[in-house]
Amino acid sequence: MSVETETPMETAATPNSGADIHPAAQPFLFLTRDKVRRNFLWLPLVGLIICSVLGVFHPQKHPLPYEQYIPGSWAIFGFLVFCGVGLCATTFAHFLARPESYYGEGGLPDPEDSLEASEAKGDAT
Amino acid sequence: MIDAIPLLAEINPGFWVILAGLICALLPIGSLRKAFVIAVPLIAGVLIFQLHDPTQAARLGGVLQFGPVELTTFRLDSLSLIWAYLFCLAGIINGIYGLHEKCRITDSSALIYTGAAISGVLAGDMITLFIMWELTAISSVFLIWKGGEQAYAAGIRYLAIQVLSGVMLLTGAILHAQANGGDFTFGAIGLDSPGGWLMLLAMGIKCGFPMLHMWMQDAYPKASITGTVILASFTTKFAIYALARGFAGEGILIWVGAIMAIFPIAFAIVENDLRRILSYSINSQLGFMVAGIGVGSAMALNGVAGHVFVNVLAKGLLFMSVGAVMHRVGTAKASELGGLFRSMPFSTGFALVGAMTLAATPLFAGFITKAFILTAVIEEHHYVPFVLLLLGAAGMVGFAEIKVPYSAFFGRDSGRRVKEAPWNMHLAMGIAAFICVYLAWPFGGYAQLYALMPFEMKYAYKPYTVDHVAFQLQLLFGVLFAFNLFLRWKRYRAPQRAEVLDVDWLYRRMGLNVSLWASAMWTRLSAVTRQQRNRFLGTAGRKFYQTFSPAGAASEATPSGLAAVLTAGLLFIVLMVAYIAR
């Protein structure tokens, strides 16, 4: 398999210099700015509020019992599900995650320039 | 074409694809093989189109008589039609995606696998269904083994489980046919007989019922890049077809489906391998389909058929984009990736289309098909399963459909600058993405999807109503907002290298350890009890010898008449026991 990569160490110095960026990706580089990333939060919030208001004026044809009394019910549900599961992630990991060599069959493939894999091997030796 | 060659109307079109796969195995010229891989599913699709007669309820052909058993090897009706078209389309797309891979085994096994899946959904009897069931398993295992040395054990486990499923299907089919006067026609089966339960279990293995699902997450991520894309298209969807045909309206499936939709979330959140996350996502989406089959109304079954169609394309799209990443970077581990949209913008775009389709975003086909199933569930007042399905939808949006593109293409910049995917991968992804968008297009697009749906409904479901769009967007924005909050507050669990334990731990670890322990115990026990065992075996052997040897008591001059009387007596006892037991 051909792996045409540069090592992360070589490219990390100038991650967005433009020379190594695909031309079609250039217009979207603004997405990597810290300010944009920080403020991206407001986009779903505004959308959530608009859709919740719309939901009040256009209720569902087949709501769950008592759902009509909770404005933005699906937004609240989606938010709570993500938060609930997301907060349990560490607990899930505690019970389910084991070292990659756990079954002794060899893990899934690593890239040739994997820093993590070499660090892991270094730890093991 | 059909009029000119009447034989074509008698033969299951999938058989031609299988035959082409066998020929492919002998073809040494790579470009000719590639032409076969793309052209043959296309020709099969055209053949099915020609054979389909909308005025007929079903077209039957290839009737074979084996003693009392009659087999109908070809049946084309409205239910099998959509699956047959889908498998032909998936075969073409997969063929294009794998154009760069010069491998005779992949080409021929992909064609045989595609052909077996097409033949299976077009089978009119349970014996043909069983043969195709097993052929899909046997042909696809080569795609897993092409994943390299680390895939060998997973391939063996996959094969064992799939063959077990086939054996259960055959046993169930025989029991079911026995209870129905020897009729092997594959129709509604139900759960009135042990045969029905066995067949349900067999199909449950293949479509990933909870606790029977682990083969999928074990084998899919270990297959070759093209292999995973092909595997994700057929096996589970073939099983969904069989369930829809045999067990539509079985209430237990609503609950099974609801549990299937939610349990993969816990694994997806911890998993590091993107292809394994997508395998869990398949499991969750299959839950929607199983629940729809359990509801069994026309709307639900149309939703299932539509969702299978859309799911193969959208999930395939995500598998293809992750495959493109793997092709360039060499891994699908989220902990090694990030920021790849800078190098692979087109693959990123296709992955986003796939993710938005699976997340049921308006203007993407999943928005329509998922709504069919959810509406059918709530129309029948199954409130708790509805909430569970919604939970599954929200959870998988957060921890699969957002996580996969985010980890690979956005997130922290891994610093990797690679080439874009090869043109053939782009073409395959482009076709799948176009169909995902086209089938949701409000001005005539989704009407095409409706035209493929197998059952007539009481009313034409309108997907683009303000309430449907608003509530679906509420769910998506709610999840997206929480995701962004987690990122900002650094509560989002970064991908970490790990082997995630699943039900297969029971036989890969515990089962193995128990058998090792039993073996060690036996060795010790054997050493301690050797004397007693030898003494016991010696005494028993002597007694046997004294009784049955030529010089033994049984060979002494007993009158042969007495022996005849004894034999007759034994026969009488056996006959009486058999009579009473009956």
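Note that the coordinates shown come from a computational prediction; the quantities given were computed from them, not determined experimentally.

Reading guide: rules and limits
By convention here, each chain's residues receive numbers from 1 onward along its written sequence. Following the order in which they are written, the chains are lettered starting with A and the ligands numbered starting with 1. Residue-level local features of this predicted model are given only where pLDDT is at least 70; pairs of side-chain atoms are given and counted only at 80 or more, and the full residue set underlies all totals for whole chains, interfaces and linings. Here the side-chain values reflect all heavy atoms present in the structure, with hydrogen atoms and water set aside. Accessible area is worked out with a 1.4 Å probe on protein chains only. A residue is then buried under 20% of its type maximum, exposed over 50%, and partly exposed in between. Labels follow the DSSP assignment, with helices taken as runs of H or I lasting at least four residues and strands as runs of E lasting at least two, numbered in each case from the N terminus. Here a residue-residue contact requires only that any non-hydrogen atoms of the pair lie within 4.5 Å. Note on aromatic pairs: the rings of Phe, Tyr and Trp (six-membered ring only in Trp) are paired at centre separations within 6.5 Å, and the planes decide the class, stacked below 30 degrees, edge-to-face beyond 60, tilted for the rest. Placement of a charge over a ring requires the Lys NZ or Arg CZ to be within 6 Å of the ring centre, with the centre-to-atom vector within 35 degrees of the ring normal. A pair of cysteine sulfur atoms is labelled a disulfide when the two atoms are within 2.5 Å. Here the quantity called buried area is the total loss of accessible area, with a 1.4 Å probe, experienced by two parts when brought into contact, counted for both. We define a salt bridge as a contact between a side-chain nitrogen of Lys or Arg and a carboxyl oxygen of Asp or Glu at a distance within 4 Å. Any N or O atom pair separated by 3.5 Å or less is treated as a polar contact, with the protein-specific requirement of one donor-capable and one acceptor-capable atom, and with residues adjacent in sequence counted only for side-chain atom pairs. Side-chain classes are defined by residue name, with Ala, Val, Leu, Ile, Met, Phe, Trp, Tyr, Cys and Pro counting as nonpolar, Asp, Glu, Lys and Arg as charged, and the others, Gly among them, as polar. Every axis in this analysis is a line fitted to C-alpha atoms, fitted for helices over the stretch in contact. Angles between the N-to-C directions lie between 0 and 180 degrees. Oblique is the label for any angle not covered by the other classes, which are roughly parallel (under 35 degrees), roughly antiparallel (over 145) and roughly perpendicular (65 to 115).

Q: So what's going on with helix α10 (residues 252-262) of chain B? Which residues, and what values?
A: Looking only at α10 of chain B, the buried set comprises L253, I254, V256, G257, A258, M260 and A261 of chain B. Buried residues along α10 of chain B sit in contact with α7 (194-206), α9 (225-246), α11 (264-270), α12 (274-295) and α16 (383-401) of chain B.

Q: I'd like a description of the packing of aromatic side chains, backed by residues and values.
A: Considering all chains together, one arrives at 28 aromatic pairs over all chains under this definition. On the numbers, 5.2 Å between centres and 85° between planes, the contact of F82 of chain A with F486 of chain B is edge-to-face. Linking F82 of chain A in helix α4 (residues 73-87) with F486 of chain B in helix α20 (residues 466-488), this pair reaches from one chain into another. Judged on exposure class, the residue F82 of chain A and its partner F486 of chain B are both buried. Ring pairs connect the aromatic residues F82 of chain A together with F399, Y406, F483, F486 and Y492 of chain B, which therefore count as one cluster. Sitting over the ring of Y103 of chain A, R508 of chain B keeps its end group 3.7 Å from the ring centre. The ring centre of Y102 of chain A lies 4.1 Å from the NZ or CZ of R509 of chain B, which sits over that ring.

Q: So what's going on with the state of the cysteines? Which residues, and what values?
A: Here the structure, examined in full by the defined rule, presents zero disulfides over all chains. Considering cysteine sulfurs only, C83 of chain A is the nearest to C51 of chain A, which forms no disulfide, with 18 Å between them. Relative accessible area serves as the criterion here: at 5%, C51 of chain A is assigned to the buried category. There is no disulfide at C103 of chain B, and the cysteine sulfur nearest it, in C24 of chain B, is 11 Å away. Since its relative accessible area comes to 9%, C103 of chain B is described here as buried.

Q: Before we move on, could you go through the interface of chain B and chain A and cite the residues and values that matter?
A: Across the contact, 81 residues belong to chain B and 76 residues belong to chain A. Where chain B abuts chain A, roughly 7,200 Å² becomes buried across the two surfaces, and 67% of that area is made up of carbon and sulfur atoms. On the chain B side of the contact with chain A, R342, R417 and F471 of chain B bury the most area, a combined 10% of that side's loss. At the junction of chain B and chain A, the tally comes to four salt bridges. In this structure, the salt-bridge partner of K61 of chain A is D467 of chain B, at a minimum N-O distance of 3.7 Å. Taken together, the links from chain B to chain A amount to 14 residue pairs in polar contact (both at pLDDT 80 or more). Counting residues per element, the side of chain B that touches chain A draws most heavily on α20 of chain B, which supplies 19 residues. In terms of residue class, the side of chain B that touches chain A is made up of 40 nonpolar, 17 polar and 24 charged.

Q: How would you summarise the packing of α4 of chain A against helix α5 (residues 89-96) of chain A if you had to cite specific residues and measurements?
A: Residues and elements named next belong to chain A. At a minimum axis separation of 4 Å, α4 and α5 run at an interaxial angle of 40°. Between α4 and α5, the crossing angle belongs to the class labelled oblique. From α4, V85, G86 and L87 reach across to α5, where they touch A89, T90 and F92. Of the residues belonging to the contact of α4 with α5, the class tally is four nonpolar, two polar and no charged.

No statement about biological role is implied by the geometric values presented.
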